[in-house]
Amino acid sequence: MKLGYLGPQGTFSQQAAQRWIADKAGWELVSYESIPEVILGVAEKRLDAAVVPVENSIEGTVNVTLDMLVEEKSLSIIGEVILEVHHHLIGKQTDWKRVQAIYSHPQALAQCRGFLRQNFQGVSLRTAASTAEAARIVASGPDSWAAISSRFAAELYGLQVLAENIEDYRGNKTRFITVGRGPVKPTGKDKTSMVLALPQDRPGGLYRVLEEFAAEEINLTKIESRPTKKELGEYLFFLDCEGHATDPKLSRVLDRLRRKTALLRILGSYPRDMGEQK
Ligand SMILES: O=C(O)C(=O)C[C@]1(C(=O)O)C=C[C@@H](O)C=C1
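Residues numbered from 1 in each chain as written. Predicted model: local features only at pLDDT ≥ 70, side-chain atom pairs only at ≥ 80, totals over all residues. Heavy atoms only, no water.

- Naming follows an unreviewed UniProt entry, where the protein chain appears as Prephenate dehydratase of Calderihabitans maritimus.
- In its Pathway (unreviewed entry) section, UniProt records this for the protein chain: "Amino-acid biosynthesis; L-phenylalanine biosynthesis; phenylpyruvate from prephenate: step 1/1."
- Reading the Catalytic activity (unreviewed entry) entry of the UniProt record for the protein chain gives the comment "prephenate + H(+) = 3-phenylpyruvate + CO2 + H2O". (UniProt positions renumbered as here; feature names shortened; annotations may be inferred.)

1. Here's the deal with the pattern of salt bridges
- Per the stated rule, a full pass over the model turns up 23 salt bridges.
- Here Lys191 makes a salt bridge to Glu80, at a shortest N to O gap of 3.0 Å. Linking Lys191 in strand E12 (residues 190–197) with Glu80 in strand E5 (residues 76–84), this pair joins segments that are 111 residues apart in sequence. Each of the two residues, Lys191 as well as Glu80, counts as buried.
- A salt bridge links Asp255 to Arg258, with the nearest nitrogen and oxygen atoms 3.2 Å apart. One end of the pair is Asp255 and the other is Arg258, both in helix H9 (residues 248–260) and three residues apart, which spans about a single turn.
- Owing to a relative accessible area of 45%, Arg258 belongs among the partly exposed residues under this scheme. (Salt bridge = Lys/Arg side-chain N within 4 Å of Asp/Glu carboxyl O. Helix = DSSP H or I, 4+ residues; strand = E, 2+ residues; numbered from the N terminus. Buried < 20%, exposed > 50% of the residue type's maximum accessible area, 1.4 Å probe, protein only.)

2. What to know about the confidence of the model for the protein chain
- Averaged over the protein chain, the pLDDT score is 96; the fraction of residues at 70 or greater is 99%.
- We note a pTM of 0.95 for the whole complex and an ipTM of 0.96 for its interfaces. (pLDDT = per-residue confidence, 0-100.)

3. Quick word on the environment of Lys189
- Residue placement: Lys189 occurs in the loop between strand E11 (173–180) and E12.
- Other than its neighbours up to four places away in sequence, Lys189 contacts Tyr270, Pro271, Arg272 and Met274. (Contact = heavy atoms within 4.5 Å.)

4. Examining the packing of aromatic side chains
- Scanning the model with the defined rule gives five aromatic pairs in all.
- Seen from their ring centres, Trp20 and Trp27 are 5.4 Å apart, and the 75° between their planes marks the pair as edge-to-face.
- Through a chain of ring-to-ring contacts, three or more aromatic side chains come together here, namely Trp96, Phe115 and Phe120. (Phe/Tyr/Trp six-rings, centres within 6.5 Å; stacked < 30°, edge-to-face > 60°.)

5. Focus: the layout of surface pockets
- Space inside the largest pocket adds up to approximately 590 Å³.
- Along the wall of the largest pocket there are 24 residues; nearest its centre are Ala197, Thr228, Glu234, Tyr235 and Leu236.
- When contributions to the lining of the largest pocket are tallied by element, the ones reaching two or more residues are helix H3 (63–71), E12, strand E13 (220–227), strand E14 (235–242) and strand E15 (263–271).
- Summarising the domain contributions, the lining of the largest pocket has at least three residues from each of domain 1 (2–84 + 172–180) and domain 3 (190–270).
- Estimated volume of the second largest pocket: approximately 330 Å³.
- Looking at the second largest pocket, it is lined by 20 residues, and the ones nearest its centre are Trp20, Lys24, Ile78, Gly79 and Pro271.
- Here the element with the most residues in the lining of the second largest pocket is E5; it accounts for four residues.
- For the lining of the second largest pocket, the class distribution of residues is nine nonpolar, two polar and nine charged. (1 Å grid on protein atoms, 1.4 Å probe; cavity = no way out; pocket = protein on both sides within 12 Å on 5 of 7 lines; lining within 4 Å. Points joined across faces, edges and corners; volume = space filled by probe spheres on them. Domains from an automatic or database assignment. Nonpolar A, V, L, I, M, F, W, Y, C, P; charged D, E, K, R; others polar.)

See the structure below:
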């Protein structure tokens, strides 16, 4: 079975993918160059599943992942991995004064924005397809280039560490989801993700959705809105809650929501990552 991830070797996505298969047999990892390509790989059945980042504790949602989940209707979420993310400034040499360009993935640059503003004002910030790709670029470029990447990538691409743990807030975590083909059996410690649209713009529309979760005492773990892309001010709502869609309480809620929404799609019920969650 093939599990896709955002490569090249040494990305946080690879670490998350390795965590997801740690207790499973028969999976091999396949590297892709972008998040859309890896998700399409699953939709077009070249892959059995893929691990992709969906949100970060500092920078928020990875929009492309949510958008592709809506577009690719054959996909469902079958797992999650929460990873602690520590960024390091790495390069061919360790003198900060010689750094003229810093490469990284936009999410990583954003997670270290304060550090960069304080210490590298005026230095050119350049985006790369992933943190490991940034390390790879720096390894084959001049000494004045540096990358924001993981320690693992530094070792892999033969680079040195100029500064450690440069993320702007401690406890930086990224949540990844495994996108594949469902359904997944209940484990008793599950989470359900869904996307919905309200029938019309009227007072209390979202409240009437949320009251159903409150009535059954179901804990919501996330709510997020994304534009429908059709009309300014029109939104899709992404909700995550505790429980499996087949649990009696949650399936009662979902039945009632079907009558209260213009669109309701269950993106998946899957085991929660309890590993790094407090
Ligand atoms: O570039 C990587 O290493 C990735 O796996 C991507 C990614 C992301 O898009 O959020 C994953 C974890 C970190 O939040 C930074 C970058």
